[in-house]
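What the coordinates show
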Amino acid sequence: MMLFHRSKKLPLSAFSSIFSNVKIKNKFHNPFISESTRFYSVEPEEIPSGFIAGLKWKFEKHETVPFTNRTRFILPTISFERNRGQEEFEEIKKGFEGRTLDSTHPDCVRVSTIVDKIIDALNKEVKKMRPAEEITFLRRIWLRLIRRSPPSTAHLDGLNWEVLVVRYPDVACDCYPGGKFVMSNAFFEHFGNDFEIATCITHEIAHIVARHGAERFTKTLSIMALQSLLNQSVITYFIKAFQERITRRHEMEADYIGLLLMASAGYDPRMVPKVYEKMGKFDEAKSVPTSATHPSGAKRAKALAQPKIMEEALIIYKNVKAGFVV
Ligand SMILES: [Zn+2]
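We now turn to the structure provided with this report. (Residues numbered from 1 in each chain as written. Predicted model: local features only at pLDDT ≥ 70, side-chain atom pairs only at ≥ 80, totals over all residues.)

1. Brief notes about the nonpolar core
- Grouped together as the largest cluster of nonpolar side chains are 52 residues, with contacts concentrated most on Ile118, Ile201, Ile205, Ile257, Leu260 and Leu261.
- Setting aside anything within four residues of it in sequence, one finds Leu260 in contact with Phe67, Ala313 and Ile316. (Core = buried A, V, L, I, M, F, W, Y, C linked by C-beta atoms within 7 Å. Buried ≥ 20, exposed ≤ 12 C-beta atoms within 10 Å, placed from the backbone. Contact = placed C-beta atoms within 7 Å.)

Written as structure tokens, this is what we have:
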């Protein structure tokens, strides 16, 4: 069992925007989108003793990202991750007390309707990914060796998706582990049509699908393990540089997963790169310093518009439009 404590009450940072890495200082704090000023005391998860038990544990912790099939080691348990996401969501609700839109407000209904549509598509995709029968441990080892491990999707089971729209002057949106989605009302002023909103939502949900927060947390811990060998300022520098690098990669992966989810939800994927271009221009116009953690809008749009990627999304889209279910 891993315990996770904050050694002191930390300022809450903003829920992040896909447009910007600018945090709303001293307001919110995301457990996994880390900031160099945060400190944790962590008791490592108990590693089972015995070779077979240890091997099994390691295999269980080695997960495959749905859609991209990238493998990586993930330390936090699903329940731990969900609990932290729930806590953060509650903190946001508390921080915005009196400044949240009622669930019957048209903007809230609109976002909820889009989220429902995307979650419905996600659930269908996840169902297709699941093996028809349970895979034995030995077979799992074999599949791993030949790089055919099935995607890890248990963290998406039974999520209670919730949507919160807050009155906030900056464009911002985020999704927390456990299925908690938050968006600022300013979002609608700049990215007002359903397609743009859906693009943002799919991207944020893609971070949850890929467990990016838990992965960053795991990798940060591995750097912190070097703490006894290096001094604090060197560790802090490495953590910052490492997190920026990995965040940029995660953004691209979330863009790709989001694109496929858009297609699966019946949105024309050919329009998605245009939204990322618009996001990039928006950041430039506002002089938002995103380059450390986010690739430019043009780069993201170009990556998604690659023929191989777009064709993959288009096949899904055309099947959905034709009412064809695999
Ligand atoms: Zn993102």
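2. Structural notes on the sheet that holds strand β6 (residues 173-176)
- With mixed pairing, the three strands of this open sheet are ordered in space as β5-β7-β6. Lying at the two open borders of the sheet, with one neighbouring strand each, are β5 (162-166) and β6. Between one strand axis and the next, the sheet turns through 15 degrees on average, direction left out of account.
- Relative to strand β7 (residues 180-184), β5 runs parallel, the two being bridged by five bridges. Paired with Val165 across the strands is Met183, a residue of β7.
- On top of the sheet, helix α2 (residues 78-95) reaches β5, β6 and β7; it is set at about 30 degrees to β7, its chief contact.
- Across the sheet, helix α6 (residues 194-209) touches β6 and β7, and the angle it forms with β6 is around 30 degrees. (Pairing = 2+ DSSP bridges. Helix = DSSP H or I, 4+ residues; strand = E, 2+ residues; numbered from the N terminus. Axes fitted to C-alpha atoms, helices over the stretch in contact; angles between N-to-C directions.)

3. Side note on the environment of Ile257
- Take Ile257: it is sitting in helix α8 (residues 232-264).
- Residue classification places Ile257 among the buried positions, given that 25 C-beta atoms sit within 10 Å.
- Each residue touching Ile257, except ones within four places of it in the same chain, is listed here: Phe67, Thr68, Ala206, Val209 and Ala210.

4. Focus on α6
- Across its 16 residues, α6 extends 22 Å between first and last C-alpha, which sits within 8% of the 22 Å expected from 1.5 Å per residue.
- For α6, the tally of buried residues reaches 13 of 16 residues, placing the bulk of the element in the interior.
- One or two steps after α6, the chain reaches Arg211, where phi turns positive at roughly 50 degrees. (Expected span 1.5 Å × (residues − 1).)

5. Thoughts on the pairing of β6
- Here β6 shows two buried faces, one formed by Cys173 and Cys175 and the other by Asp174 and Tyr176.
- Sheet analysis places β6 next to β7, joined by four bridges and oriented antiparallel. Considered in β7, the bridge of Cys173 is made with Met183.

6. A look at unusual backbone geometry
- At Phe67, a position not held by glycine, the phi torsion is positive, near 80 degrees.
- Following the sequence through the fold, Phe67 ends up in the loop between β3 (62-64) and β4 (71-73).
- Of note in this structure, Arg211 is not a glycine but carries a positive phi near 50 degrees.
- Examined against the element boundaries, Arg211 turns out to sit in the loop between α6 and α7 (212-224).
- Of the residues examined, Arg211 has 24 C-beta atoms within 10 Å and is grouped as buried.

7. Considering helix α9 (residues 272-285)
- The end-to-end C-alpha distance of α9, which contains 14 residues, comes to 20 Å, matching closely the 20 Å that a straight helix rising 1.5 Å per residue would cover.
- Residues of α9 that are buried include every one of Val272, Pro273, Val275, Tyr276, Met279, Gly280 and Asp283, and no others. Seen along its axis, α9 keeps its buried residues to an arc of 155 degrees; they face one direction. With respect to the buried face of α9, the exposed residues turned more than 90 degrees away are Lys281 and Ala285.
- Among the residues trailing α9, Ser287 stands out with phi positive, at a value near 55 degrees. (Arc of directions from axis to C-beta.)

8. Digging into the packing of α8 against helix α10 (residues 297-304)
- The interhelical angle for the contact between α8 and α10, taken along N-to-C directions, is 45 degrees, at an axis separation of 10 Å. Comparing the axis directions of α8 and α10 gives the class oblique. Between α8 and α10 lies a crossing whose hand is right-handed. In contact with Met252, Asp255 and Leu259 of α8, α10 contributes Arg300, Ala303 and Leu304.
- Of the residues that constitute the contact of α8 with α10, the class distribution is four nonpolar, no polar and two charged. (Parallel < 35°, antiparallel > 145°, perpendicular 65-115°, else oblique. Left-handed = near helix turned anticlockwise from the far one by under 90°. Nonpolar A, V, L, I, M, F, W, Y, C, P; charged D, E, K, R; others polar.)

9. Here's the deal with the packing of α7 against α8
- Following both chains from N to C, one finds α7 and α8 inclined at 155 degrees, their axes separated by 10 Å at the closest point. The angle between α7 and α8 places the two elements in the roughly antiparallel class. Helix-helix and strand crossings are classified by hand; for α7 and α8 the assignment is right-handed. Packed against α7, whose contacting residues are His212, Arg216, Lys219, Thr220, Ile223 and Met224, the element α8 presents Ile235, Phe238, Ile239, Phe242, Gln243, Ile246, His250 and Ala254 at the interface.
- Class assignment for the residues of the contact of α7 with α8 results in eight nonpolar, four polar and two charged.

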